[in-house]
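Geometric and topological summary
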Amino acid sequence: MPNTDAASKIPLLRMRGIRKSFPGVKALKGVDLTLYHGEVLALLGENGAGKSTLIKILGGAHQPDEGVIEINNQPANVSTPQASQASGIGIIYQEFNLIPFLSVRENIFLGQEPKFISLIQKTKEEIIAKKLFDRIGIKIPIDTECNALSVAHQQIVEIAKTLAQDARIIVMDEPSAALSPRETKGLFKVIKELKSQGIGIIYISHRLDEIFKISDRITFLRDGKYIDTLKTKEISRNKVIELMVGRSIKNEFPKRNTNIGETRLKVSELSQGKRVQKVSFEIKSGEVVGLTGLVGAGRTETARLLFGAETKDSGDIELDGKLLSIKNPRDAIQQNICLLTEDRKSQGLILTQTIRENFSLPNLLQFCSWGFIQKKDESEALSFYVDQIKMKITSTEQMANTLSGGNQQKVVLSKWLQRNAEVIIFDEPTRGIDVGAKYEIYQLINQLTKKGKAILMISSELPEILGMSDRVLVMNEGHITGEIQNPSNATQEDVMRLATKSKPTSA
Amino acid sequence: MKNFNYIQFLFDYGTLIVLVGLCFLFSYVTIEEQSPASTTSAELLAKVIKKDLTENNNIIVLARQGSEGKKFAEILTKKLIQYGINVHQTIVGQPVDARKALINFGTSGSKLHGIAADKHMASFAGSNIGKISETFPNLSQTIIFQPNSYNWPNFLKRENLLNVMKQISVVAIIAIGMTMIIITAGIDLSVGSLIALSGVITALAIQSLGGDSPTMWHLWLGSIAGALVCGIIGTLTGGLVTIFRIPAFIATLGIMFIAKGLAFIFSESAPIPIANEAFGWLGRGRTFFGLPNSVILMLTLFFLAHILMNRTSIGRYIYAVGGNPEAARLSGVPVKWVLVFVYTLTGLLAGLGGVMEASLHITGDPKSGDLVELKVIAAVVVGGTSLAGGQGRIFGTLIGAFIIAVINNGMNLTGIESHMQKVIYGSVILIAVLIDQLKIHLMKLKKY
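Residues numbered from 1 in each chain as written. Chains lettered and ligands numbered in written order. Predicted model: local features only at pLDDT ≥ 70, side-chain atom pairs only at ≥ 80, totals over all residues.

For chain B, the count of helices and strands is 18 helices and eight strands. Relative to a compact globule of 448 residues, whose C-alpha radius of gyration would be 22 Å, chain B shows 28 Å and is clearly more extended. Principal-axis analysis of the C-alpha atoms places the extent of chain B at approximately 95 × 65 × 40 Å. Expressed as a percentage of the 448 residues in chain B, the buried residues total 46%. In chain B, once contacts between residues fewer than 6 apart in sequence are set aside, the share between residues at least 24 apart is 80%. (Helix = DSSP H or I, 4+ residues; strand = E, 2+ residues; numbered from the N terminus. Rg over C-alpha atoms; globule rule 2.2 N^0.38 Å. Buried ≥ 20, exposed ≤ 12 C-beta atoms within 10 Å, placed from the backbone. Contact = placed C-beta atoms within 7 Å.)

Time to look at the interface of chain B and chain A. Every contact between the two is made by 23 residues of chain B and, on the other side, 29 residues of chain A. Counting residues per element, the ones that place at least two in the side of chain B that touches chain A are helix H13 (313-323), helix H14 (325-330) and helix H18 (418-447) of chain B. Its residues assigned to classes, the side of chain B that touches chain A comprises nine nonpolar, eight polar and six charged. (Nonpolar A, V, L, I, M, F, W, Y, C, P; charged D, E, K, R; others polar.)

For the rest of this paragraph, the subject is the sheet that holds strand S3 (residues 40-44) of chain A. Residue and element names in this part refer to chain A. Strand order in the open sheet formed by six strands is S6-S9-S10-S3-S11-S12, with mixed pairing between adjacent strands. Where the open sheet ends on each side, the last strands, each with one partner, are strand S6 (89-92) and strand S12 (225-231). Across the sheet, the axes of successive neighbouring strands diverge by a mean angle of 20°, strand direction being ignored. The strands that helix H5 (residues 151-164) touches are S6 and strand S9 (169-173); relative to S6, the one it contacts most, it runs at about 165°. Strand contacts of helix H6 (residues 181-196): S3, S9 and strand S10 (200-204), with the helix running at about 150° to S10, the strand carrying the most contacts. (Pairing = 2+ DSSP bridges. Axes fitted to C-alpha atoms, helices over the stretch in contact; angles between N-to-C directions.)

Among the nonpolar cores identified, the biggest contains 166 residues, and A:Ile425, A:Ile455 and B:Ile403 are the most heavily contacted of them. If sequence neighbours within four positions are ignored, B:Ile403 has contacts with B:Thr15, B:Val18, B:Leu19, B:Leu22, B:Val382 and B:Ala432. One finds A:Ile89, A:Leu132, A:Tyr203 and A:Phe220 within the second-largest nonpolar core, a separate group that totals 69 residues. (Core = buried A, V, L, I, M, F, W, Y, C linked by C-beta atoms within 7 Å.)

It is worth spelling out the pairing of S3(A) at this point. All names here are of chain A. Among the five residues that make up S3, five are buried, leaving the element largely enclosed by the rest of the structure. Neither face of S3 is open: one carries Val 40, Ala 42 and Leu 44, the other Leu 41 and Leu 43, and all of them are buried. Relative to S10, S3 is paired through four bridges, and the arrangement is parallel. Across the sheet, Leu 41 pairs through a bridge with Ile 202, a residue of S10. Judged from the four bridges that link them, S3 and strand S11 (residues 217-222) form a sheet pairing that is parallel. By the bridge assignment for S11, Leu 41 is matched with Arg 217.

What follows concerns the confidence of the model for chain B. Here chain B averages 87 in pLDDT, and 94% of its residues register 70 or above. Complex prediction metrics read pTM 0.76 and ipTM 0.73. (pLDDT = per-residue confidence, 0-100.)

Time to look at the pairing of strand S16 (residues 314-319) of chain A. On a regular strand, each side chain points to the face opposite its neighbour's, so the side chains alternate between the two faces of the sheet. Residue and element names in this part refer to chain A. The sheet contact formed by strand S13 (residues 263-272) and S16 spans five bridges and is antiparallel. Considered in S16, the bridge of Ser 271 is made with Ser 314. The pairing of S16 with strand S17 (residues 322-323) spans two bridges and is antiparallel. When the sheet's bridge partners are listed, Glu 318 is paired in S17 with Leu 323. The loop that links S16 with its antiparallel partner S17 comprises two residues; one of these, Asp 320, has a positive phi angle of about 50°.

Moving on, we come to the environment of B:Leu253. All names here are of chain B. Within the secondary structure, Leu 253 is located in helix H10 (residues 248-267). Among the residues examined, Leu 253 registers 16 C-beta atoms within 10 Å and is labelled partly exposed. Note: C-alpha distance between Leu 253 and Leu 209 (44 residues apart in sequence) is 32 Å.

Written as structure tokens, this is what we have:
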């Protein structure tokens, strides 16, 4: 392990007094950041705090209005993405930049192929690539096409790519967002390996557990302002949240006082190929049932079958004792089942349409009179939810792609609330959402239970699953492998045990 | 808020600037001396003559052959007689006729005080009167009267503007459907062929129903048959795109060849005449306010399409499907039906276009509609609809179609030769789209 107490050393990267304004918005109002060799610096802040702007400046995508950037005490040139790379900065964005039909090797050297008289030296590439993977400590067959790799492995390829460019500073933006807990562990191993080689890592995540596990120091940003930088070991979780949000949140998960009633949703032996096999469960009125498991366990697939987004092979779905016939999402919606998808941008919203248009898409018939849409009715209905679920928007005519993750989630939620659905399936409802907005989403879930709705919540974040659910179902390899009756007394280890269990106890 | 709408308007209808610019340009370069031969100018001229001549003076009225000249001469003669001037003769015809009339008058020996003529006849009379008066001195003091001329762009003449709209009406009407298809991120290459097929089927149906003397009913039934067949083909295309998931480009490329082939097979490669002039009503007629019927139809359809796209759920669904088909499906939008709808509607509109084309020539011609699909796509794209789907405006397409029509018309008026026309045509399409891209770029900057 390297010496993390490196205050006396020359900092690897120092950003001082960075200011950046966009027309109408001051995104950064004087931000400082110092990164030492061989350390992991977590960058924390709510959405809109200025993290991405700061990273984009470091990556050469934006130019700062003011401020100094130094690498090893020398002024650094980060005026363009190319210059930034040449200065030894590698950025791994949330959306990977790999070309799907090119091999791992071709992706790693894309744009910087070792050449001899303009011919690519394949053998040299192979040798370097192998060395890189040795450094990382994970073996990936270098001639596989990238689209055949798991998300975790694609991320490793991205890391290898930055190393091939001789990066000494690696920025990871939400690297664990699409990873299972096991894969995240693997990633942490890689990060430790890189640390020991003296590379400085800036780690951005909303998952506090990870921040506590992997980071050495934390820099806090709020509303474009630099708040503080503290040693991870010396602060508590509550203090971290307080510094991020700017106010103290007593409890990460709001208390819920609802009476759980009769069974509302009953799913029997839902099956589709190998991905979902004989999945049965019930949700009662006012109950939140958590569904978790490793990535690929069949959670999202189960939800999609319930919602008719995919066609089931067999199995029955009953609501309030009535057998439902669901062939497509339209059927499900008409029978009061709705799904808040895991990926809001690609599945939840039409980004080219306004908030109002997104909101009323499943509800258009309610807003039509004589076949014509009444825009006034739409806006009125929407403005009710804007207040109720505290959407932070400037206008209902704003395009959906201008919203932050939390607000996008709220727009998706508002359309289903207007639909007055009885069964609401949340698939990773708080992924990529900051702590403050998370809390609000939890509160909303609690409000829904008060109305007697049946709620299925899929999540990979175990604290969230255990903190929010009345019961937890755990899946593995398409089966439900177990149920936790009293989540508040259960541990994350209990869940992991079930999540890795291959033989189903209930079939 | 107000500011936002203003930008949104520019964003939606940015190409309007291009259209206005083109109109100014062509107006400027086609300014020419106009010699009116209208009713008003005849009346004005009569008043002038009344002032300069006295009662019972002799005058000859000359006008060039044609309906315009005839009317001009008629009104002028009537007015002059009212004013008590002795109209000796009114000639509507060729310069030869005018010469004869003047010589005839000369032999009569009485004094000719004036000649009232339109511009052409006046210039003829002006250059010839000297010679004639050498033989016949009684013509030597003749004053030639002609209407005052003024400068006005040929481009901006009412007739020309109506012509511009009439010429683009078929392309514009089909472009309504194409806009919807492109908003769903699709494309339809078959519309040109459908024009030919529809025209041929219409003509054949009329022929087989009514033989040599088809009645109005036969014309109607034939037209409906032509349009309907194309609508059904559109439904088929929609099926290929949705059920079999064939990319729209390929599916409609296939349909394009098939439809064109069928048009030639059905017609045995020869144009089929329609044996009733009344069939020209849609393509040639002017029933209301002197506006061509095809133009009225075009404007009506655009208005209806605008309402469909902005005020009905199907319109909203079309945008949603183009913006994100998966999110739309998961919001309960019947994505496949929406796609089948837009292809069917476009088929129907192409069929209607075929009927209009046939009506214009009173013939079902398998050769018609060639390359129209590209003009239609150009109109849509120039009108600001994004090929990526999800964005676009119906009235943007109308503007796009007008831009294309104005370029064609303007270049014909200025006498640019046809190959050069193509080069300019292509360049203007690119410029229009570039300006639109610039707008999008500016919008993004503003959003921050």
